[in-house]
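# Architecture and fold: a report
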Amino acid sequence: DAKTTQPTSMDCAEGRAANLPCNHSTISGNEYVYWYRQIHSQGPQYIIHGLKNNETNEMASLIITEDRKSSTLILPHATLRDTAVYYCIVRADNYGQNFVFGPGTRLSVLP
Amino acid sequence: EADIYQTPRYLVIGTGKKITLECSQTMGHDKMYWYQQDPGMELHLIHYSYGVNSTEKGDLSSESTVSRIRTEHFPLTLESARPSHTSQYLCASSEYKGSSYEQYFGPGTRLTVT
């Protein structure tokens, strides 16, 4: 699986959009970008994933650059409950692949 | 809401004891996983299973063992607990659905070995 690079930590004001970047410059054509988050040592929670098109669901939006070498997770209106560690994972979607969780980005939403 | 359960949630136990951490899921998922995570640190995969009677070691070496006799059940056992085993243990399951491969995590077991 391709390696990803994320900032160690970020702050965001409550009610503002949180934009979390992820660099995956060695991504392969068959690899998806997944985002998970982990709130205070609970089990990680799936947020969103995509291949090359931008994706949106009830939790977030995922913007993937045209060359697919980077992506941004957007939480449109961050709340205090969005304070968590956010993991960007790149993996091929086949049965034999496992998820590899890196250190992630620690997002702090400030009141 | 994912239906994956772990017991106990917290366990404090003395050195040398044998322990089993339970993990169950009611979603019928074939693939299950165990991760180990120290406070503030990354998750490390220690075991996984493709299905009944299948178990594989993960990326991080672990002295624990696992079994998969039933699809819904994936217990982890430490034959002789040591203080170095103190950590959080997270169980997960997933189902391959073509373009979607979400992992669902349990709440974790926080183990302290004294």
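To be clear, the structure that these remarks concern was listed above.
I will try to describe carefully the structure that is included in this document. (Residues numbered from 1 in each chain as written. Chains lettered and ligands numbered in written order. Predicted model: local features only at pLDDT ≥ 70, side-chain atom pairs only at ≥ 80, totals over all residues. Heavy atoms only, no water.)

What follows is about the overall build of chain B. Per the secondary structure count, chain B includes zero helices and 11 strands. Put simply, chain B runs from its N terminus to its C terminus through helices and strands in the order β-β-β-β-β-β-β-β-β-β-β. Computed over C-alpha atoms, the radius of gyration of chain B comes to 14 Å, within 12% of the 13 Å expected from 2.2 N^0.38 for 114 residues, which places it in the range of a compact globule. Based on the C-alpha atoms only, the size of chain B along its principal axes is roughly 45 × 30 × 25 Å. (Helix = DSSP H or I, 4+ residues; strand = E, 2+ residues; numbered from the N terminus. Rg over C-alpha atoms; globule rule 2.2 N^0.38 Å.)

This part is about the pattern of salt bridges. Residue and element names in this part refer to chain B. All told, the structure shown has four salt bridges over all chains when counted by the stated rule. Here Lys18 and Glu79 are joined by a salt bridge, their closest N and O atoms 3.9 Å apart. Here Lys18, found in the loop between strand S2 (10-13) and strand S3 (19-25), pairs with Glu79, found in the loop between strand S8 (76-78) and strand S9 (87-94); they are 61 residues apart in sequence, far enough to count as distant. Linking Glu72 and Arg70 is a salt bridge whose minimum nitrogen-to-oxygen distance equals 3.1 Å. Owing to a relative accessible area of 35%, Glu72 belongs among the partly exposed residues under this scheme. (Salt bridge = Lys/Arg side-chain N within 4 Å of Asp/Glu carboxyl O. Buried < 20%, exposed > 50% of the residue type's maximum accessible area, 1.4 Å probe, protein only.)

As a further point, take the pairing of S3 of chain B. Residue and element names in this part refer to chain B. Here S3 shows a buried face lined by Ile19, Leu21, Cys23 and Gln25 and an unburied face lined by Thr20, Glu22 and Ser24. With four bridges connecting them, strand S1 (residues 4-7) and S3 associate as antiparallel partners. Within S3, the residue paired with Tyr5 across the bridge is Ser24. Judged from the three bridges that link them, S3 and S8 form a sheet pairing that is antiparallel. Bridging from a neighbouring strand, Thr20 pairs with Thr77 of S8. (Pairing = 2+ DSSP bridges.)

A complete count under the given rule lists two disulfides over all chains for this structure. Between the sulfur atoms of Cys22 of chain A and its disulfide partner Cys88 of chain A the distance amounts to 2.1 Å. Between Cys22 of chain A and Cys88 of chain A, the S-S torsion sits near -80°, and that sign places the bridge as left-handed. You can see Cys22 of chain A sitting in strand S2 (residues 18-23) and its partner Cys88 of chain A sitting in strand S8 (residues 84-92), a full 66 residues away along the chain. Owing to a relative accessible area of 2%, Cys22 of chain A belongs among the buried residues under this scheme. The exposure class of Cys88 of chain A is buried, given its relative accessible area of 1%. What pairs with Cys23 of chain B in a disulfide is Cys91 of chain B, and their sulfur atoms sit 1.9 Å apart. The sign of the -75° torsion about the S-S bond sets the Cys23 of chain B-Cys91 of chain B disulfide as left-handed. Of the two residues, Cys23 of chain B is situated in strand S3 and Cys91 of chain B in strand S9; the sequence distance between them amounts to 68 residues. The class for Cys23 of chain B is buried, based on a relative accessible area of 0%. (Disulfide = S-S within 2.5 Å.)

Right, let's talk about the interface of chain B and chain A for a bit. The interface of chain B with chain A comprises 25 residues on the first partner and 24 residues on the second. Summing both partners gives a buried area of about 1,900 Å² for chain B against chain A, and 50% of it is carried by carbon and sulfur. Considering only the side of chain B, the residues that lose the most area to chain A are Glu42, Leu43 and Tyr101 of chain B, jointly responsible for 26% of the buried surface there. Here chain B is connected to chain A by zero salt bridges. Where chain B meets chain A, there are three residue pairs in polar contact (both at pLDDT 80 or more). (Contact = heavy atoms within 4.5 Å. Buried area = accessible area lost by both parts, 1.4 Å probe. Polar contact = N/O pair within 3.5 Å; in protein donor to acceptor, adjacent residues only side chain to side chain.)

Below, the discussion takes up the sheet that holds strand S7 (residues 70-75) of chain A. All names here are of chain A. The four strands lie next to each other as S2-S7-S6-S5, forming an open sheet whose pairing is antiparallel. The open sheet has two edge strands, S2 and strand S5 (55-56), and neither has a second partner. In this sheet, S7 lies alongside strand S6 (residues 61-64) in antiparallel orientation, the contact comprising four bridges. Residue pairing across strands places Leu62 opposite Leu73, the latter belonging to S7.

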